[in-house]
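A look at the structure
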Amino acid sequence: MSSRDDILGTIRKSLGADATGRDEALVDARLARHAVGLQPTRAQSEGENRVAQFIEWAEFVATTVDRVASLDDVPGAVTSYLSANNLPAKARRATDAALDGIPWERAPLLELEPGVAVESDAVSITGAFAGIAETGTLMLNSSPGHPSTLNSLPE
């Protein structure tokens, strides 16, 4: 154990914190008394209104949005999008279990290759962690299964 660990351990002990340095009751109490800051009116929508708001803002910033009834409809939506935008029916995709559950065989002409995107890739398919309704922004993960090149390299 280093002298740094000894010092931090002494501080933790004096604060009554556990070995990780966290006192969950203290954190919960602080969060409970923390005042909510100013929120724009558009941040107040809920449920289906929030989805509609996301779509509105995403389209405002030149994003296209297709809603599908189920994951079974995703291959058709992808191939329709690629065809309508004169893009190749070839895409690099994330190695994600959620994407594995999509019946890609419904789009037999679509070539999918898992892995890291390279400069020659025109299209990538990856999951999104969240959509931010107030701005129409997608929050994308970066991990071994979701390389950041999929998020930004293909047009």
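The structure contained in this document is the topic of the report that follows. All values derive from a computational prediction rather than experimental measurement.

Side note on helix α1 (residues 3–15)
Counted at 1.5 Å a residue, the expected span for α1 with its 13 residues is 18 Å, and the 18 Å between its end C-alpha atoms agrees. Summarising burial for α1: zero of the 13 residues are buried, a small minority. Two residues or fewer after α1 comes glycine 16, characterised by a positive phi angle close to 75°.

A word on the side chain of histidine 146
Tracing the backbone through its elements, the reader meets histidine 146 in the loop between β5 (137–139) and α6 (148–152). At 3.0 Å, the side chain of histidine 146 and the side chain of aspartate 96 are in polar contact.

Concerning the pattern of salt bridges
Applying the stated criterion to the full structure yields five salt bridges. For the salt bridge of glutamate 113 with arginine 92, the shortest nitrogen-to-oxygen distance reads 3.0 Å. With glutamate 113 in strand β2 (residues 111–114) and arginine 92 in strand β1 (residues 90–93), this pair connects stretches of sequence that are 21 residues apart. On the basis of relative accessible area, glutamate 113 is assigned to the partly exposed category, the value being 43%. A relative accessible area of 12% means that arginine 92 is categorised as buried. Through salt bridges with shared partners, one network takes in Arg92, Glu113 and Asp121.

What to know about the pairing of β1
Two elements, β1 and β2, share four bridges in a ladder whose sense is parallel. Among the inter-strand pairings, arginine 93 is bridged to a residue of β2, identified as proline 114. Two elements, β1 and strand β3 (residues 124–125), share two bridges in a ladder whose sense is parallel. Bridge assignment links arginine 93 to a residue of β3, and that residue is isoleucine 125.

What to know about the sheet that holds β1
Here three strands make up an open sheet; going across it, the order is β2-β1-β3 and the pairing parallel. Of all the strands in the sheet, the pair left with one neighbour each is β2 and β3.

Details of the environment of valine 68
Locating valine 68 in the fold gives a position in the loop between α3 (47–60) and α4 (74–84). Filtering out sequence-adjacent residues up to four positions away, valine 68 remains in contact with Asp73, Val74 and Ala77.

Examining a nonpolar patch on the surface
Together, Ile7, Ile11 and Leu15 make up an exposed nonpolar region whose accessible area comes to about 310 Å². Residue class for isoleucine 11 comes out partly exposed when judged on its relative accessible area of 43%.

Reading the values: the criteria
- Residues numbered from 1 in each chain as written.
- Predicted model: local features only at pLDDT ≥ 70, side-chain atom pairs only at ≥ 80, totals over all residues.
- Heavy atoms only, no water.
- Helix = DSSP H or I, 4+ residues; strand = E, 2+ residues; numbered from the N terminus.
- Expected span 1.5 Å × (residues − 1).
- Buried < 20%, exposed > 50% of the residue type's maximum accessible area, 1.4 Å probe, protein only.
- Polar contact = N/O pair within 3.5 Å; in protein donor to acceptor, adjacent residues only side chain to side chain.
- Salt bridge = Lys/Arg side-chain N within 4 Å of Asp/Glu carboxyl O.
- Pairing = 2+ DSSP bridges.
- Contact = heavy atoms within 4.5 Å.
- Patch = residues over 30% accessible without salt bridge, like charges linked within 9 Å, V, L, I, M, F, W, Y side chains within 5 Å.
- Areas by Shrake-Rupley, 256 points an atom, 1.4 Å probe, with all protein chains shown as cover.

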